[in-house]
Amino acid sequence: MDFKRSDFPEGFRFGVATSAYQIEGHAQGGAGLTHWDSFAATPGNVVRFEDGARACDHLNRLDEDLDLIRDLGADVYRFSTSWARVMPEGRGAANKDGLDFYDRLVDGLLERGIAPAVTLYHWELPQALADRGGWRNADMPDWFADYTETIMSRIGDRTWSAAPINEPWCVSWLSHFEGHHAPGLRDIRATARAMHHVLVSHGRSIQVMKGLGVKNLGAVCNFEWAMPNTDSDADIAAAARYDAIYNRFFLGGLFKGDYPAEVMEGLEPHLPDGWQDDFATIRSPLDWVGVNYYTNKRISATDDPWPAYAYAPTQGPLTDMGWEVYPQGLQDFLTRTAREYTGDLPIYVTENGMASATTPDPDRIAYLTDHLHSVQAAIADGAPVAGYYVWSLMDNYEWALGYEKRFGLVHVDFETLARTPKASYHALANWWR
Ligand code: FCB
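Anyway, here's the lowdown on the structure attached to this text. (Residues numbered from 1 in each chain as written. Predicted model: local features only at pLDDT ≥ 70, side-chain atom pairs only at ≥ 80, totals over all residues. Heavy atoms only, no water.)

## Comments concerning the pattern of salt bridges
Then comes step 1: One pass over the full model with this rule turns up 29 salt bridges.
Then comes step 2: Between Arg 406 and Asp 395 there is a salt bridge; the shortest N-O distance is 2.6 Å. Of this pair, Arg 406 sits in the loop between β9 (385–391) and β10 (410–412) while Asp 395 sits in the loop between β9 and β10, placing them eleven residues apart in sequence.
Then comes step 3: When its relative accessible area of 0% is taken as the criterion, Asp 395 is described as buried.
Then comes step 4: Salt bridges sharing common partners tie together Lys 96, Asp 100, Asp 103, Asp 107, Arg 154, Asp 157 and Arg 158. (Salt bridge = Lys/Arg side-chain N within 4 Å of Asp/Glu carboxyl O. Helix = DSSP H or I, 4+ residues; strand = E, 2+ residues; numbered from the N terminus. Buried < 20%, exposed > 50% of the residue type's maximum accessible area, 1.4 Å probe, protein only.)

Shown next as structure tokens:
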């Protein structure tokens, strides 16, 4: 990798990201059951019915993993706290061991000179709350506010940055419309409510953290560059609908206080009463925005009811996820986000990386190199990009695709749990350290 730190602006931060359920080992340490455990236990949802019960056993290998982050030379570690580990029933009593674990995690980072970047929800909803309708329930913002208070009263004095919810699109659309992630619903009304309640919950959580004096608060959204499959008007309109649902809905809510017309066409009848009044909460001011970016999608129109689009065949080289490699999309999202939504607000690339099972992994090195060039191009274009975090520190539980898809800079042997840094880890360490 032909980079130096001085190729990026002064103070630019490099980091790595993970999430709780994907690495910790959720059957241990007193965590409550989550909707991912029950989703995974239902045949047909997850490859080989795999779940996060043991995962990378990070819970018991914390120091070893933190040493890997330090030796990589990362400035920032983006991790998440598990709601069900902190509050096993989602509400009420806290799990002392869970709080102690995150306390040790934050202290362990600070001892090693790494900035702790916490996300409070990366998808493992406590089952007790899923039983009450989960993100469909209008009480979610209250429950999430209580959880925010519980975890951040404990660690919020030492975190460097905090974001309430990872990827609202996945939490709502992917999980309630497409049914690919827990809770595995395919229901337009559930989707509309989840999309809105996720944003209200985000806003409430930001307000709680502000009240506690927690610093450097942001939002993390994921994006896919939507391309019309042909230049027909129908395909162009279908790609615009895809873009609105995936990319513009959440930024629109967070930064403009409205939702795109293409989304309202399908979802407005299903939104909860009084949704327009929630934008004051949703728009609680932020200190930064996070962009998670992996790929693009080619979109065709269909004759189905709204949203009336389908995925057209991919083109060119694919990652192990079957995703196209399209670095230009990262540059375009960074510049578009700044230009149309966030202005001077610092933007962090909070996730970027590729699934590849090859070791050594020159394909991952090439992917990261190309996307870092996109970041540089966006900065040259005036986008205030302030950091870039690789997904992921180590191979982990890739949700519905189980342990087969390997995103790590560090290889994990899921039999022995041995960690072995890959060529990409060394390539980054060469100029990060
Ligand atoms: C993102 C998720 C992360 C991981 C990567 C590949 O959407 O935030 O947990 O699954 O994709």
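## Overview of the site of the ligand
Then comes step 1: As a matter of local geometry, the ligand sits amid Gln 22, His 122, Trp 123, Asn 166, Glu 167, Tyr 294, Glu 351, Trp 391, Glu 398, Trp 399 and Phe 407.
Then comes step 2: His 122 is positioned with one of its side-chain polar atoms (N or O) 2.8 Å from an oxygen atom of the ligand.
Then comes step 3: Residue Glu 167 places a side-chain N or O atom 2.5 Å away from an oxygen atom belonging to the ligand.
Then comes step 4: Contact with the protein chains hides 95% of the accessible area of the ligand, taken as 300 Å² for the molecule alone.
Then comes step 5: With respect to the detected pockets, the ligand is housed in the largest pocket. (Near = heavy atom within 4 Å. Polar contact = N/O pair within 3.5 Å; in protein donor to acceptor, adjacent residues only side chain to side chain. Areas by Shrake-Rupley, 256 points an atom, 1.4 Å probe, with all protein chains shown as cover. 1 Å grid on protein atoms, 1.4 Å probe; cavity = no way out; pocket = protein on both sides within 12 Å on 5 of 7 lines; lining within 4 Å. Sits in = over half its atoms within 2 Å of the grid points.)

## Examining helix α7 (residues 140–155)
Note on helix geometry: an α-helix contains 3.6 residues per turn, so any two residues three or four positions apart are oriented the same way.
Then comes step 1: For α7, with 16 residues, the first-to-last C-alpha span of 22 Å sits near the 22 Å given by 1.5 Å per residue.
Then comes step 2: Within α7, burial applies to Met 140, Pro 141, Trp 143, Phe 144, Ala 145, Tyr 147, Thr 148, Ile 151, Met 152 and Ile 155.
Then comes step 3: Buried positions along α7 lie against α4 (83–86), α5 (96–111), β3 (115–121), α6 (127–130), β4 (161–165) and α9 (188–212). (Expected span 1.5 Å × (residues − 1). Contact = heavy atoms within 4.5 Å.)

## Structural notes on empty space enclosed by the protein
Then comes step 1: By the definition in use, this model includes five cavities of 30 Å³ or more.
Then comes step 2: The volume enclosed by the largest cavity comes to roughly 70 Å³.
Then comes step 3: Around the largest cavity sit Arg 78, Ala 117, Val 118, Thr 119, Trp 160, Ser 161, Ala 163, Val 220, Trp 288, Tyr 348, Thr 350 and Tyr 389, which together line it.
Then comes step 4: Those elements that provide at least two residues to the lining of the largest cavity are β3, β4 and β8 (347–351).
Then comes step 5: The class makeup of the residues in the lining of the largest cavity is eight nonpolar, three polar and one charged. (Points joined across faces, edges and corners; volume = space filled by probe spheres on them. Nonpolar A, V, L, I, M, F, W, Y, C, P; charged D, E, K, R; others polar.)

## Quick look at the side chain of Asp 103
Then comes step 1: Following the sequence through the fold, Asp 103 ends up in helix α5.
Then comes step 2: Here Arg 158 takes part through its side chain, which lies 2.8 Å from a polar atom of the side chain of Asp 103.

## Let's talk about the packing of aromatic side chains
Here a ring pair, both rings aromatic, is described through the centre-centre distance and the interplanar angle of the planes.
Then comes step 1: Per the stated rule, a full pass over the model turns up 49 aromatic pairs.
Then comes step 2: For the pair Trp 36 and Trp 399, a centre-to-centre distance of 4.9 Å together with 50° between the ring planes defines the contact as tilted. Of the two residues, Trp 36 sits in helix α2 (residues 35–40) while Trp 399 sits in the loop between β9 and β10, which places them 363 residues apart along the sequence.
Then comes step 3: In this structure Trp 36 comes out as buried when scored by relative accessible area, which is 1%. (Phe/Tyr/Trp six-rings, centres within 6.5 Å; stacked < 30°, edge-to-face > 60°.)

## Focus: the nonpolar core
Then comes step 1: Core analysis: the largest hydrophobic core is formed by 138 residues, its most contacted members being Val 16, Trp 83 and Leu 334.
Then comes step 2: Sort the elements by how many residues they give to this core and helix α10 (residues 233–255) lands first, with eleven residues.
Then comes step 3: In contact with Trp 83, not counting residues within four places along its chain, are Pro 88, Gly 90, Tyr 121, Glu 124, Leu 125, Pro 126, Leu 129, Met 140, Trp 143, Phe 144 and Tyr 147.
Then comes step 4: Membership of the second largest hydrophobic core comes to ten residues, among which are Val 76, Trp 160, Trp 288 and Tyr 348. (Core = buried A, V, L, I, M, F, W, Y, C linked by side-chain atoms within 4.5 Å.)

## Thoughts on the environment of Tyr 309
Then comes step 1: Mapped onto the elements of the fold, Tyr 309 is located in strand β7 (residues 309–311).
Then comes step 2: Assessed through its relative accessible area of 14%, Tyr 309 is described here as buried.
Then comes step 3: Through-space distance from the C-alpha of Tyr 309 to that of Ala 239 is 7.6 Å; in sequence the pair is 70 residues apart.

## Side note on the environment of Trp 432
Then comes step 1: When you line up the elements, Trp 432 lands in helix α15 (residues 423–432).
Then comes step 2: Classification of Trp 432 as buried rests on a relative accessible area of 2%.
Then comes step 3: Remark: the alpha-carbon pair of Trp 432 and Leu 271, spanning 161 residues in sequence, is separated by 46 Å.
Then comes step 4: Other than its neighbours up to four places away in sequence, Trp 432 contacts Arg 5, Phe 14, Gly 15, Val 16, Leu 72, Gly 73, Ala 74 and Val 390.

## So, the pairing of strand β2 (residues 76–80)
A regular strand places its side chains on the two faces of the sheet in alternate fashion.
Then comes step 1: When you tally the buried positions in β2, you get five out of five residues, the bulk of the element.
Then comes step 2: Side chains Val 76, Arg 78 and Ser 80 of β2 all project onto a buried face; the interleaved residues Tyr 77 and Phe 79 project onto the opposite face, where all are buried too.
Then comes step 3: Direction of pairing for strand β1 (residues 13–17) relative to β2: parallel, over a ladder of three bridges. Its bridge partner lying in β2, Ala 17 is registered against Arg 78.
Then comes step 4: Two strands pair when backbone bridges link them, and β2 and β3 are joined in this way by five bridges, in the parallel orientation. (Pairing = 2+ DSSP bridges.)

## Details of the layout of surface pockets
Then comes step 1: Here the largest pocket defines a volume of roughly 700 Å³.
Then comes step 2: Lining the largest pocket are 37 residues, with Leu 174, Glu 224, Met 321, Trp 323 and Glu 398 positioned closest to its centre.
Then comes step 3: Contributions of two or more residues to the lining of the largest pocket are made by α8 (168–176), β5 (218–228), α10 and β6 (288–301).
Then comes step 4: In terms of residue count, β6 provides more of the lining of the largest pocket than any other element does, seven residues in total.
Then comes step 5: Taken together, the residues that form the lining of the largest pocket break down as 18 nonpolar, eleven polar and eight charged.
Then comes step 6: Estimated volume of the second largest pocket: approximately 200 Å³.
Then comes step 7: Looking at the second largest pocket, the residues that line it are Trp 173, Phe 177, Glu 178, Thr 302, Asp 304, Pro 305, Trp 306, Pro 307, Ala 308, Tyr 309, Ala 310 and Tyr 311.
Then comes step 8: The leading source of residues in the lining of the second largest pocket is β7, at three residues.

## As for unusual backbone geometry
Then comes step 1: Residue Pro 183 is reached from Ala 182 by a cis peptide bond, and omega for that bond is 10°.
Then comes step 2: With respect to the helices and strands, the residue Pro 183 is situated in the loop between α8 and α9.
Then comes step 3: Of note, the bond from Thr 359 into Pro 360 is cis; its omega dihedral lies within 30 degrees of zero at -10°.
Then comes step 4: The residue Pro 360 is located in the loop between β8 and α14 (362–380) in this model.
Then comes step 5: A positive phi angle, close to 55°, is found at Asp 57, a residue other than glycine.

Shape descriptors only; they carry no functional weight alone.
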